[in-house]
Amino acid sequence: MEHKQMTASGGTVHYWVDRAGMNSDCIVFTHGVTADHTMFEKQVRFFSGKYTLIFWDVPLHGLSRPYHGFSYRDTADILYSILRKEKIEKAVLVGMSMGGYPSQHFGALYPEMVSGFVALDTTPLGVRYYSKSDLWWLRQAAPMAKWFPDEILRKSMAWSVSQTKYAYQKMMAMLKPLSKADIIEQMEIAYTYFTLENKDISFKFPVLILVGEKDSTGKVKAYCKAWAEQTGYPLHFIKGAKHFANGDNPEQVNREIDSFVNRLRKEEGKS
């Protein structure tokens, strides 16, 4: 993959492009909180050569640190700039956990640039889904993390999202470059700005919801079920997977994404 970077209002944002030909469909992968673009390495191996792929380190994460003035609106505008720079007119968005929020904000702002959205172990934007107590508990995640000793915090975070040894080790590896203060800052800002920028939205493009059948992170499974019930979006459970489903069961996740993109191609009349 080709490593690139661009200057945004709050700092430098790093991204990676793997091109598969002039007319290939594009998939944009957006990672979760305290992670980075490498959480999709199992997807790189499967999709490379089939589609044009874009991965990025969301502001405040990975190589896109330090970054000032984070907001999800800003991340959506940065993604817009990346796609324009790479001359991508339309893309399928895959947003994992926190990565679902930049993806949904982008879809709300630039719907003409979205072919479809794969919501991977993430939750919906929409005021109606979250009670006041839900939002209060969400804001407690970072303060509660401060009470954990550094090593225990990392291991508990990795264990809670992972069912397999691979996913656990991958999560630990992504946490390794971060100080405890970095981890808490990422959690605090990501969750705070979710509550501040949450709004009711609707999409005209297709959406597929994927969630690990063993996902026990917060109320993610419950939110996904409510999301599917409210909208009619298909909801597929990833067998044997926790929150880091694309690491726990990449085979099924990759098949689900591939099938979704192929269906979009047929609906758009592409060969």
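Model, not experiment: these values are computed from the prediction. (Residues numbered from 1 in each chain as written. Predicted model: local features only at pLDDT ≥ 70, side-chain atom pairs only at ≥ 80, totals over all residues. Heavy atoms only, no water.)

Caption draft 1: The arrangement of the overall build of the chain in detail. Each helix and strand in the chain was counted, giving eleven helices and eight strands. Taken against the 2.2 N^0.38 rule, which gives 18 Å for 271 residues, the C-alpha radius of gyration of the chain at 17 Å falls within 12% of a compact globule. Summarising its shape, the C-alpha atoms of the chain cover approximately 55 × 40 × 35 Å along the three principal directions. Within the chain, buried positions represent 55% of all 271 residues. In the chain, once contacts between residues fewer than 6 apart in sequence are set aside, the share between residues at least 24 apart is 75%. Of the roughly 12,100 Å² of accessible surface on the chain, 54% is carried by carbon and sulfur atoms. (Helix = DSSP H or I, 4+ residues; strand = E, 2+ residues; numbered from the N terminus. Rg over C-alpha atoms; globule rule 2.2 N^0.38 Å. Buried < 20%, exposed > 50% of the residue type's maximum accessible area, 1.4 Å probe, protein only. Contact = heavy atoms within 4.5 Å. Areas by Shrake-Rupley, 256 points an atom, 1.4 Å probe, with all protein chains shown as cover.)

Caption draft 2: Region of interest: the layout of surface pockets. Of the voids in this model, the largest pocket is the one considered here, and its volume is about 1,100 Å³. Lining the largest pocket we find 39 residues, and of these Ala141, Met187, Tyr191, Thr217 and Gly218 sit closest to its centre. Sorting the residues of the lining of the largest pocket by element identifies helix 4 (132-139), helix 5 (141-145), helix 6 (150-161), helix 8 (180-197) and helix 9 (220-231) as the ones contributing at least two each. For the lining of the largest pocket, the element with the most residues is helix 6, which contributes five residues. (1 Å grid on protein atoms, 1.4 Å probe; cavity = no way out; pocket = protein on both sides within 12 Å on 5 of 7 lines; lining within 4 Å. Points joined across faces, edges and corners; volume = space filled by probe spheres on them.)

Caption draft 3: Summary view of unusual backbone geometry. Omega for the peptide link from Arg65 to Pro66 comes to -5 degrees, which places this bond in the cis form. Mapped onto the elements, Pro66 comes out in the loop between strand 4 (52-56) and helix 2 (72-85).

Caption draft 4: Region of interest: the pattern of salt bridges. Considering all chains together, one arrives at twelve salt bridges under this definition. Among the salt bridges present, the one from Glu86 reaches Arg19, with a minimum N-O distance of 3.0 Å. Linking Glu86 in the loop between helix 2 and strand 5 (91-96) with Arg19 in the loop between strand 2 (11-18) and strand 3 (26-30), this pair joins segments that are 67 residues apart in sequence. Taking relative accessible area as the criterion, Arg19 reaches 45% and is therefore assigned partly exposed. The shortest N-O distance in the salt bridge between Glu267 and Arg263 comes to 2.8 Å. Remark: Arg263 and Glu267 occur in helix 11 (residues 250-267); sequence separation between them is four residues, near one turn of the helix. A network of salt bridges, in which partner residues are shared, links Lys4, Arg19 and Glu86. (Salt bridge = Lys/Arg side-chain N within 4 Å of Asp/Glu carboxyl O.)

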